[in-house]
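Coordinate analysis (summary)
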Amino acid sequence: MVQDTDLEEGKVTNLLNEIFFYRANKDKLDSEKLRIFMRELGLEDDILDKNFQELSGGEKQRIGILIALLLNRDIYLLDEVTSALDVNLKKKVADYFLARENWTLLVISHDREWECDWIEKIDLENKS
Amino acid sequence: MPIYDISYTSLIFCFFLLAIPIFISRKIRLELEKSTLAAVFRMSIQLFLAGLFLNFIFNLNNGFLNLACVGVMTFFASYTTIKSADLNVKKLFVPIILSIAFSNLAVLLYVNKFVINLDALLDTRYLIPLAGMLLGNALRGNVAGIGDFYTDIKRNENRYLYNLSIGADMYEAVLPYLRKSLRAAVKLTLANIYSIGIVALPEIMTGQILGGASPLVAIKYQIAIMIAIYVSTLLSTILSILASLRTAFDEYGLVNKELYGKNF
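Owing to the predicted nature of the structure, the values given are computational and were not obtained by experimental measurement.

Turning our attention to the overall build of chain A. In terms of helices and strands, chain A carries five helices and two strands. Going from N to C terminus, chain A has its helices and strands arranged as α-α-α-β-α-β-α. Relative to its full complement of 128 residues, chain A shows a buried share of 39%. Looking at chain A alone, contacts between residues at least 24 apart form 64% of all its contacts between residues at least 6 apart. Of the roughly 7,900 Å² that chain A leaves accessible, carbon and sulfur atoms contribute 47%.

Have a look at this one:
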């Protein structure tokens, strides 16, 4: 996942349908999970009928996170995925990912919320 | 109904009409005198030669020769498509010429056989002008379609890569681009079909009516032609894009950078 997700033109529902139409993702769309994740991410139901291009940066980012979570992978590469979110959501998203102990995460971020005791930190600033 | 031939002397009267644009150009310094004369001169020479050539193959009316002519036309249509879309001719020529040749010939022969009910499928009088019309339109559609496709993937490569990363295979990842470019390819043809007969009388009808055919015959040909154009444009564009994918993407599913021309 990258920060500037410039995804499908058209409605968010169409975007979801498209992704879960891929052979690799068939039958992975769990509508119960979708509702739960949406509530957790502070997304209203009517966002599904909105045009993806017209969403705000934060909303786009949350849709990206939503898709990533629904796909339920073992390995996530997360490039600045919380950059446009408010502090509470940053914390919530980071905590959620960090709490899954069987996941492998590679996180690139400026957000302190991703820091925790057991995450291996590579400080790029000092190594330049 | 008699057909009035235009004699060479009376053609001169047509050239007299050019005095109007030249006069206007002089008067308000459009500076179009030279290019007007050059364009008309070129057109006259080109059409004169085309006329001689057509006359020649019409007299022979040899099926194989006709097919060879269509082959040459297809060759140039494919070359022009790739050049106009500013893509790499070497990489794309084979898939594109095969796609254009297959879709246009298939539609053309179908129309000749089942719609016009020709006894000789390769009759010059039908094959050559119909092939010209189909190829001309397929060319326009292909330039819009395949050009749009690769421009879009390049402009928005992130989205393509994102599609790959969330589990799409190459075909699934290009599907949104494919849809968009096919719409672009047939948009003009569809608009033409919509407005035909109201906004303009198309050339084939005008030609047939001037040639002495009844308007009622002319419209039937026109309907057949429009449908044939629509089908062959869509078919050749989708085949061109699908056939080009194999050379256009590397083994990791990334766009081959050599694909794009210098001005891209």
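Next, the rest of the story.
A few words now on the domain arrangement of chain B. Frequently, the measure chosen for interface size is the accessible area that the parts lose on association. Residues and elements named next belong to chain B. Partitioning chain B into domains gives domain 1 (1-60) and domain 2 (63-259). Contacts between the two partners involve seven residues from domain 1 and, on the opposite side, nine residues from domain 2. Summed over both partners, the interface of domain 1 with domain 2 comes to about 610 Å²; 82% of that surface belongs to carbon and sulfur atoms. In this assembly, domain 1 and domain 2 are joined by zero salt bridges. Each residue belonging to the side of domain 1 that touches domain 2 can be placed in one class, and the counts come to seven nonpolar, no polar and no charged.

To continue, consider helix α4 (residues 63-84) of chain B. All names here are of chain B. Its 22 residues give α4 an end-to-end C-alpha distance of 31 Å, which sits within 8% of 32 Å, the value for a rise of 1.5 Å per residue. Along α4, the residues classified as buried are N66, C69, V70, T74, A77, S78, T81 and I82. Packing partners of the buried residues in α4 comprise α3 (33-60), α5 (89-115) and α6 (124-155). Structurally, the start of α4 carries an N-cap: the backbone nitrogen of F64 is 2.8 Å from a side-chain oxygen of N62.

In this section: a nonpolar patch on the surface. All names here are of chain B. A surface patch of nonpolar side chains, amounting to about 1,300 Å² of accessible area, comprises I6, Y8, L11, I12, F13, F15, F16, F41, I45, F48, L49 and L52. Those elements giving two or more residues to the nonpolar patch turn out to be α1 (8-16) and α3. Per-element accounting of the nonpolar patch gives the leading share, six residues, to α1. Note that F15 resides in helix α1.

Further remarks concern the pattern of salt bridges. Residues and elements named next belong to chain A. Within the structure shown, the criterion is met by 11 salt bridges over all chains. Its salt-bridge partner being R112, residue E115 comes within 2.4 Å of it at the nearest N-O pair. Overall, the relative accessible area of 37% leaves E115 in the partly exposed class. According to the relative accessible area criterion, R112 is exposed, its value standing at 62%.

Rules behind the numbers
Residues numbered from 1 in each chain as written. Chains lettered and ligands numbered in written order. Predicted model: local features only at pLDDT ≥ 70, side-chain atom pairs only at ≥ 80, totals over all residues. Heavy atoms only, no water. Helix = DSSP H or I, 4+ residues; strand = E, 2+ residues; numbered from the N terminus. Buried < 20%, exposed > 50% of the residue type's maximum accessible area, 1.4 Å probe, protein only. Contact = heavy atoms within 4.5 Å. Areas by Shrake-Rupley, 256 points an atom, 1.4 Å probe, with all protein chains shown as cover. Domains from an automatic or database assignment. Buried area = accessible area lost by both parts, 1.4 Å probe. Salt bridge = Lys/Arg side-chain N within 4 Å of Asp/Glu carboxyl O. Nonpolar A, V, L, I, M, F, W, Y, C, P; charged D, E, K, R; others polar. Expected span 1.5 Å × (residues − 1). Polar contact = N/O pair within 3.5 Å; in protein donor to acceptor, adjacent residues only side chain to side chain. Patch = residues over 30% accessible without salt bridge, like charges linked within 9 Å, V, L, I, M, F, W, Y side chains within 5 Å.

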